[in-house]
Amino acid sequence: MPSVDDILEHIGEFNFFQKQTFFLLALLSAAFTPIYVGIVFLAFTPDHRCLSPGVAELSRRCGWSLAEELNYTAPGPGAAGEASPHQCRRYEVDWNQSALSCADPLAGLAANRSHLPLGPCRHGWVYETPGSSIVTEFNLVCASSWMLDLFQSAVNVGFFIGSVGIGYIADRFGRKLCLLVTILINAASGLLLAVSPNYTWVLIFRLIQGLVSKAGWLIGYILITEFVGLSYRRTVGIVYQMAFTVGLLALVGVAYVLPHWRWLQLTVSLPNVFFLLYYWCIPESPRWLISQNKNAKAMRIIKHIAKKNGKPLPTSLQSLRPDEEADEKLNPSFLDLVRTPQIRKHTLILMYNWFTSSVLYQGLIMHMGLAGSNFYLDFFYSALVEFPAALLIILTIDRLGRRYPWAASNMVAGVACLASVFIPDDLRWLRVTVACLGRMGITMAYEMVCLVNAELYPTFIRNLGVLVCSSMCDIGGIITPFLVYRLTNVWHELPLLVFAVIGLVAGVLVLLLPETKGKALPETIDEAENMQRPRKNKEKMIYLQVKKVDNPLN
């Protein structure tokens, strides 16, 4: 009997139905951006200083500029590499006393300022920003700065738990149901986050967003790759990820117009409410229905696709039957990802590459941002680099396959990180060029791992495989801030050295995976196990069933 890919060749591999569905899911991809990288704008930390009662009045009376006010009333700079003391410490001085002069108010209190006692910022802080962020509203600075790290870690913990749990549900109960549930929860938690009264509720709703948002993005990716034909699968996978890059550019513009974090959070959450209309626009994946022996529903959807595309469905393709040897539908299990040798190897290598992509992608942005002066422009330029990365994939992936461009992109990122260690600071143009090259390389690797991951697993565990492996990028996201900022305190270039080693190892491991260029998606475990061997010319079964292993695992 014919496969789903054979049917799509007759009713359209990328016609009106697939284009419409792709556009809708691409909007979902772009809307994921504020959750993944929105902390840059929602929780930015502006320059700040201790609020000292009486200083503002004294400054107005004396006619000081801001620079003069800081010079006369705030502690001076600390040792190299340390935060300025005025951000977290203040002079223990009563600034309301009338004896203070405008020329040098502290001269009459001590011959040397270093002898004046310093204390914590008991009255809060003054933030030099026209807008607001979670940091400025809840004072997540100085002794409370760890709460900002917790805010970012919470969403990555949510990514990790949600990807694994929802991935299982999607393979067990269907892609569409799971997609709609994640959209509903994401919309509700995003709107509630915008009106949260305190930090605790902000943290809770941020965690909930993490639990569902990334899983929804990946389910959309799985859906579109299962709706299109073999010859278009690669292109839609890449462009789906390019929609995320478009979301990056849109986020910069919205954040620039709305510098207050609550209005920004509300604005970027509203699209998820409209995504609930997808209930009437996007059907269930026929591949998943067939894998669950729901052939009648699968045939109704296939006929719907054919009607939308204006293509007739041949009579010979309108009869679907389950495997005669199968007496029950397959239920995905985590053990299926490691039960057989080849799939086990695929799983381990894919998990490491997801981890590598996350650490290098986020780490390079953080490391470059340490010296950034205008984070709106820095963010915009870094997003632009991702378009040529996607273009290079499109130009090379059909000519060279998946493995070699993927391995090369990891190695380019690793070499770029290593080269940056030895480039002197005065050659800034060269450092920026090499950094952009590394960003381009890891962006290619990130897009490639998402593309190939879906191509290495059989249908009934494909969604589970993608979400479990990709959960390692959430582990990377949790540790990357600590990796960058802690190692930078030891040596500014040490994170780059670590990134170089991680990237080069990932490039070598990719070469151990099979090439998936021009191959149909595996539908059974046997097909996934034999991907490195030439397939025999035999009739392909449209349903997805395998026998259970008789010998249980110990």
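Residues numbered from 1 in each chain as written. Predicted model: local features only at pLDDT ≥ 70, side-chain atom pairs only at ≥ 80, totals over all residues. Heavy atoms only, no water.

(A) Up close: the overall build of the protein. Looking only at helices and strands, one finds 22 helices and four strands in the protein. When each of the 554 residues of the protein is scored for burial, the buried share is 53%. Considering only contacts within the protein whose residues lie at least 6 apart along the sequence, 83% involve residues at least 24 apart. (Helix = DSSP H or I, 4+ residues; strand = E, 2+ residues; numbered from the N terminus. Buried < 20%, exposed > 50% of the residue type's maximum accessible area, 1.4 Å probe, protein only. Contact = heavy atoms within 4.5 Å.)

(B) Fine view of the environment of Trp261. The residue Trp261 is located in helix 12 (residues 261-274) in this model. Measuring from C-alpha to C-alpha, the distance between Trp261 and Gly38 comes to 9.9 Å, with 223 residues separating the pair along the chain. Among residues more than four places away in sequence, those in contact with Trp261 are Leu42, Ser132, Ser133, Ile134, Glu137, Phe138, Leu193 and Val202.

(C) Inspection of the environment of Phe23 at higher detail. Inspection of the secondary structure assignment puts Phe23 in helix 2 (residues 16-31). Residues Phe23 and Ala243, spaced 220 residues apart in sequence, show a C-alpha to C-alpha distance of 9.5 Å.

(D) Layout of the nonpolar core. Formed by 134 residues in total, the largest nonpolar core has its most connected members in Ile134, Trp406 and Phe499. Here this core takes 14 residues from helix 10 (residues 199-227), the largest share from any one element. Core analysis: the second largest hydrophobic core is formed by eleven residues, Leu58, Cys62, Trp95 and Leu100 among them. (Core = buried A, V, L, I, M, F, W, Y, C linked by side-chain atoms within 4.5 Å.)

(E) View of the pattern of salt bridges. Evaluation of the coordinates by the stated rule reveals ten salt bridges. Note that Arg49 and Glu128 form a salt bridge whose closest N and O atoms lie 3.0 Å from each other. On the criterion of sequence distance, the pair formed by Arg49 in strand 1 (residues 48-50) and Glu128 in the loop between strand 4 (125-127) and helix 7 (134-138) is long-range, its members being 79 residues apart. The residue Arg233 makes a salt bridge to Glu455 at a minimum N-O spacing of 3.4 Å. Of the two residues, Arg233 is situated in helix 11 (residues 230-257) and Glu455 in helix 19 (residues 428-455); the sequence distance between them amounts to 222 residues. For the pair Arg233 and Glu455, one class covers both residues: buried. Each of Arg90, Glu92 and Arg122 takes part in one network of salt bridges that share partners. (Salt bridge = Lys/Arg side-chain N within 4 Å of Asp/Glu carboxyl O.)

(F) Inspection of the confidence of the model for the protein at higher detail. Per-residue pLDDT for the protein averages 81, and the proportion of residues at 70 or more is 87%. Every residue in residues 78-83 scores below 50 in pLDDT, and together they form one contact with partners more than four places removed in sequence or on other chains. (pLDDT = per-residue confidence, 0-100.)

(G) Layout of the side chain of Glu386. Secondary-structure assignment places Glu386 in helix 17 (residues 386-400). A distance of 2.7 Å separates polar atoms of two side chains, one belonging to Glu386 and the other to Thr245. A polar atom in the side chain of Glu386 sits 2.6 Å from the side chain of Arg439. (Polar contact = N/O pair within 3.5 Å; in protein donor to acceptor, adjacent residues only side chain to side chain.)

(H) Region of interest: a nonpolar patch on the surface. Where nonpolar side chains cluster on the molecular surface, the patch consists of Ile169, Phe173, Leu177, Val181, Leu184 and Ile185 and spans about 520 Å² of accessible area. Listing elements by their share of the nonpolar patch, those giving two or more residues are helix 8 (146-173) and helix 9 (175-194). (Patch = residues over 30% accessible without salt bridge, like charges linked within 9 Å, V, L, I, M, F, W, Y side chains within 5 Å. Areas by Shrake-Rupley, 256 points an atom, 1.4 Å probe, with all protein chains shown as cover.)

(I) Seen up close, unusual backbone geometry. The phi dihedral of Cys142 is positive, around 55°, even though this residue is not glycine. One can find Cys142 in the loop between helix 7 and helix 8. What makes Cys142 partly exposed here is its relative accessible area of 22%. For Asn293, which is not glycine, the phi dihedral falls at a positive 65°. Topologically, Asn293 is positioned in the loop between helix 13 (286-291) and helix 14 (295-309).

(J) Here's a closer look at helix 14. Between the first and last C-alpha of helix 14 there are 21 Å, a value that for 15 residues agrees with the 21 Å anticipated at 1.5 Å per step. Just past helix 14, the residue Gly310 takes up positive phi, approximately 65°. (Expected span 1.5 Å × (residues − 1).)

(K) Structural view of the packing of aromatic side chains. Taken as a whole and judged by the stated rule, the model has 20 aromatic pairs. Plain terms: the ring middles of Phe14 and Phe22 are 6.4 Å apart, the flat faces sit at 70° to each other, and that makes the pair edge-to-face. Grouping residues by exposure puts Phe14 and Phe22 together as buried. On the basis of an interplanar angle of 20° and a centroid distance of 6.4 Å, the ring pair of Trp217 and Tyr221 is categorised as stacked. One end of the pair is Trp217 and the other is Tyr221, both in helix 10 and four residues apart, which spans about a single turn. Here Trp217 matches Tyr221 in class, with each residue buried. Ring pairs connect the aromatic residues Phe32, Tyr36, Phe159, Trp217, Tyr221, Tyr240 and Phe244, which therefore count as one cluster. The positively charged end of Lys176 is found above the aromatic ring belonging to Tyr279, 4.8 Å away from the centroid. (Phe/Tyr/Trp six-rings, centres within 6.5 Å; stacked < 30°, edge-to-face > 60°. Lys NZ or Arg CZ within 6 Å of the ring centre and 35° of its normal.)

(L) Geometry of the packing of helix 17 against helix 19. Across the interface, helix 17 lies against helix 19 with an axial gap of 9 Å and an inter-helix angle of 55°. When the interaxial angle is binned, helix 17 and helix 19 end up oblique. When the axes of helix 17 and helix 19 are compared, the crossing they make is right-handed. Contacts from Glu386, Pro388, Ala389, Ala390, Leu392, Ile393 and Ile397 of helix 17 reach helix 19 at Arg439, Met440, Thr443, Met444, Glu447, Met448 and Leu451. Class assignment of the residues belonging to the contact of helix 17 with helix 19 gives a composition of ten nonpolar, one polar and three charged. (Axes fitted to C-alpha atoms, helices over the stretch in contact; angles between N-to-C directions. Parallel < 35°, antiparallel > 145°, perpendicular 65-115°, else oblique. Left-handed = near helix turned anticlockwise from the far one by under 90°. Nonpolar A, V, L, I, M, F, W, Y, C, P; charged D, E, K, R; others polar.)

(M) Representation of the state of the cysteines within the structure. Under the defined criterion, the tally for this structure stands at two disulfides. Sulfur-sulfur distance for the disulfide between Cys50 and Cys121 comes to 1.7 Å. Judged by the sign of its S-S torsion, about -40°, the bond between Cys50 and Cys121 is left-handed. On the criterion of sequence distance, the pair formed by Cys50 in strand 1 and Cys121 in the loop between strand 3 (118-120) and strand 4 is long-range, its members being 71 residues apart. Cys121 shares its class with Cys50; the two are buried. Here Cys88 is linked by a disulfide to Cys142, with a sulfur-sulfur distance of 2.0 Å. Every disulfide takes its handedness from the sign of the S-S torsion; for Cys88 and Cys142 that torsion is -95°, giving left-handed. One end of the pair, Cys88, is in the loop between helix 6 (66-73) and strand 2 (89-91); the other, Cys142, is in the loop between helix 7 and helix 8, and 54 residues separate them in sequence. (Disulfide = S-S within 2.5 Å.)

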